[in-house]
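# Architecture and fold: a report
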Amino acid sequence: MLPLVKTQIKKIKEYKGIISDKLFGEVERLSKSFKGLKVNLVNSTPRGGGVAEILKSLVPLMKGIGIKAEWYTIPPREDFFKITKEIHNALQGKKYAFPFWHRVRYLQHIERSAFLMKDMKADIWVIHDLQPAGVILYLPHFHPSICRLHIDLTSPNQEAWNFFASSFGMYDRIILTSKEFIKKEIKEKTITFPPAINSLMEKNKPLELKRAKMILENLGINTGNPLISQISRFDPWKDPLGVIEAFRLAKKKIPNLQLALVGLFLARDDPEAMKIFKEVERKAKGTPDIFLFSNPDQIGSLKVDVFVNAFQVGSNVILQKSIREGFGLSVTEAMWKGKAVIGGNVGGIKLQIENGKNGFLVSSPKEAAKRITQLIKNPELSQKLGEAAHQTVKEKFLMPRLLRDYLKLFKEVLS
Ligand code: UDP
């Protein structure tokens, strides 16, 4: 059996009054057909990054409506995760030769994982992302099975895509976030719906500005001066170097501006983070007022969720200057807290931010710098965009909506 990730049970009624009555009723109605249904969800890491974050909240909600949902991970293996991170980057568009031995190593670990799964039973399988996706090659009788891809597939590297397209094609359905990611080989099986956040978890619960600022002060930030933050893994697609460039440009206009780049090393399937962090450290050297958070020891006994919440609440502006992004949970989390977010004009972020209405979309460090300056100098505008941002999340990006979309899909694949 695969390693199990322990999860709690969450009742949908806790969302009453937060989500619309219509959505609440829809979930309740759909739930009736699924009592006792066994659903196994599989991904590659129990913590760190967006997928683990979603499963941590989605699985308890599924359990809360009577589904026997369980979350499993494939066993960890360092050389496998090095290769899958390269494939992940390739599927997001990076040049990559995909050497023969990478294919072999990938399949070797997939075969081992499939071996651990062979006697497991479920009414529905939901496999998340490319790391475990290949198990279907060894378990073609596992049906119905759904593959949920969280990456930005706008322009994948062809070598990597060709290798994976046949595995993806063996699933009954593929879930992507945006219609822009649909590829012809899997078009007929594809359904699109975006991820969501859990507004009830500690990270997204209301946190008083005063307390947030106190936490930031303890971490060395001067809360008397303006602060911009990007809360993201150290990853090339999140463009932390571009954020530093934007910060330097904005600092010419706002000399006391501070920047925090927050990306604790938590995800075991992201061995590239350290390398990118070193590049960021080099680039940040010599520029004052840049704060980097990568080592979990830096936050001592503070809970990660409270730490992230404090930055999202206590910053004047939140950035997510990605150059590829399946969907930025960090964007939605900050929008939920009424922040004006400046996001890269790419992938899933375009579904989250409507330029000028609930945040800003940018395509270069220069544009980002312009928007940073504009927002810091105009708190009324920040507040207006932030209020619209909160409303967007309430209507579109909270966990019960994601649960409803899954339930509808389950209904379809079972019929
Ligand atoms: N996050 C965190 N600690 C950090 C940095 C990020 O808990 O130091 C969380 C962040 O709050 C969000 C998730 O990691 O919930 C990142 O998800 P996102 O979709 O933004 O990016 P991904 O890592 O999936 O590419």
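Just so it is clear, the model here is predicted, and its values are computed rather than measured. (Residues numbered from 1 in each chain as written. Predicted model: local features only at pLDDT ≥ 70, side-chain atom pairs only at ≥ 80, totals over all residues. Heavy atoms only, no water.)

## Focus: the overall build of the protein chain
The helix and strand tally for the protein chain stands at 15 helices and 13 strands. The globule rule puts the C-alpha radius of gyration for 415 residues at 22 Å, and the 21 Å found for the protein chain is close to it. Within the protein chain, contacts between residues at least 6 apart in sequence are counted, and of these 75% link residues at least 24 apart. As displayed, the protein chain offers around 17,400 Å² of accessible surface, 53% of which is attributable to carbon and sulfur atoms. With 66 positive and 42 negative side-chain charges, the protein chain shows a spacing of 2 Å between the two charge centroids. (Helix = DSSP H or I, 4+ residues; strand = E, 2+ residues; numbered from the N terminus. Rg over C-alpha atoms; globule rule 2.2 N^0.38 Å. Contact = heavy atoms within 4.5 Å. Areas by Shrake-Rupley, 256 points an atom, 1.4 Å probe, with all protein chains shown as cover. Lys, Arg positive; Asp, Glu negative; His and termini not counted. Charge placed at Lys NZ, Arg CZ, Asp CG, Glu CD.)

## Observations concerning a positive patch on the surface
Together, K11, K13, R29, K32, K35 and K411 line one region of the surface with positive charge. By secondary structure assignment, the location of K13 is in the loop between β1 (4–5) and α1 (21–31). (Patch = residues over 30% accessible without salt bridge, like charges linked within 9 Å, V, L, I, M, F, W, Y side chains within 5 Å. Salt bridge = Lys/Arg side-chain N within 4 Å of Asp/Glu carboxyl O.)

## Quick notes on the sheet that holds strand β13 (residues 359–362)
Spatially, β10-β9-β8-β11-β12-β13 is the arrangement adopted by the six strands of the open sheet, whose pairing is parallel. Edge strands, defined here as strands with exactly one partner in the open sheet, are β10 (290–293) and β13. Across the sheet, the mean angle from the axis of one strand to that of its neighbour is 20°, orientation sign disregarded. In the sheet, strand β8 (residues 227–231) pairs with strand β11 (residues 317–320) via three bridges, with the strands oriented parallel. When the bridges of β11 are listed, S229 appears paired with I318. Those strands touched by helix α9 (residues 273–284) are β9 (258–262) and β10, and its axis lies near 165° from that of β10. (Pairing = 2+ DSSP bridges. Axes fitted to C-alpha atoms, helices over the stretch in contact; angles between N-to-C directions.)

## Some remarks on the site of the ligand
Close to the ligand lie 17 residues; G50, R233, K238, L264 and E333 are nearest. Contact between the ligand and K203: an oxygen atom at 2.9 Å from a side-chain N or O atom of the residue. F327 is positioned with one of its backbone polar atoms (N or O) 3.1 Å from an oxygen atom of the ligand. Computed on the free molecule, the ligand has an accessible area of 540 Å², of which 91% lies beneath the protein chains in the complex. Going through the elements one at a time, α2 (50–64), α10 (304–314) and α11 (329–336) are the ones with two or more residues in the shell around the ligand. (Near = heavy atom within 4 Å. Polar contact = N/O pair within 3.5 Å; in protein donor to acceptor, adjacent residues only side chain to side chain.)

## Looking at the UniProt feature "domain: Glycosyl transferase family" (unreviewed entry) in the protein chain
Taken from the UniProt record, the annotation "domain: Glycosyl transferase family" (unreviewed entry) applies to residues 217–391. End C-alpha to end C-alpha, residues 217–391 measures 30 Å, and it is 44% helix and 15% strand. (UniProt positions renumbered as here; feature names shortened; annotations may be inferred.)

## Notes on α9
Taking 1.5 Å of rise per residue, twelve residues should cover 16 Å, and α9 covers 16 Å from first to last C-alpha, within 8% of that figure. In this structure, the buried residues of α9 make contact with α8 (240–253), β9 and β10. Once α9 finishes, G286 follows within two positions and takes phi at roughly 90°, a positive value. (Expected span 1.5 Å × (residues − 1).)

## With respect to the nonpolar core
Counting 75 residues, the largest nonpolar core has F311 and F410 as the members making the most contacts within it. Setting aside chain neighbours within four positions, we find F410 in contact with F34, L37, V39, M62, I67, I124, V126 and I146. In terms of nonpolar packing, the next biggest core, distinct from the first, is built from 40 residues, Y106, L139, I151 and Y171 among them. (Core = buried A, V, L, I, M, F, W, Y, C linked by side-chain atoms within 4.5 Å. Buried < 20%, exposed > 50% of the residue type's maximum accessible area, 1.4 Å probe, protein only.)

## Quick notes on the packing of aromatic side chains
In this structure the tally under the stated criterion is 19 aromatic pairs. With centroids separated by 5.4 Å and ring planes inclined at 80°, the aromatic side chains of F193 and Y406 adopt a geometry described as edge-to-face. In this pair, F193 is assigned in the loop between β7 (190–192) and α7 (209–218) and Y406 in helix α15 (residues 399–414), connecting sequence segments 213 residues apart. By the burial criterion, F193 is buried, and Y406 matches it. (Phe/Tyr/Trp six-rings, centres within 6.5 Å; stacked < 30°, edge-to-face > 60°.)

## A few points about the pattern of salt bridges
Under the defined criterion, the tally for this structure stands at 26 salt bridges. Here D235 ties to K85 by a salt bridge, and the two come within 2.9 Å at their closest N and O atoms. Taken together, the positions of D235 in the loop between β8 and α8 and K85 in helix α3 (residues 78–91) put the pair 150 residues apart, joining distant regions of the chain. With relative accessibility at 6%, the residue K85 sits in the buried group. Of the charged contacts, one joins R401 and D405 as a salt bridge, the two residues approaching to 2.8 Å between their closest N and O atoms. Separated by four residues within a single helix, R401 and D405 lie in helix α15, roughly one turn from each other. Judged by relative accessible area, which is 7%, R401 ranks as buried. Judged by its relative accessible area of 10%, D405 falls in the buried class. Three or more residues joined by partner-sharing salt bridges are found here, namely E26, R401, R404, D405 and K408.

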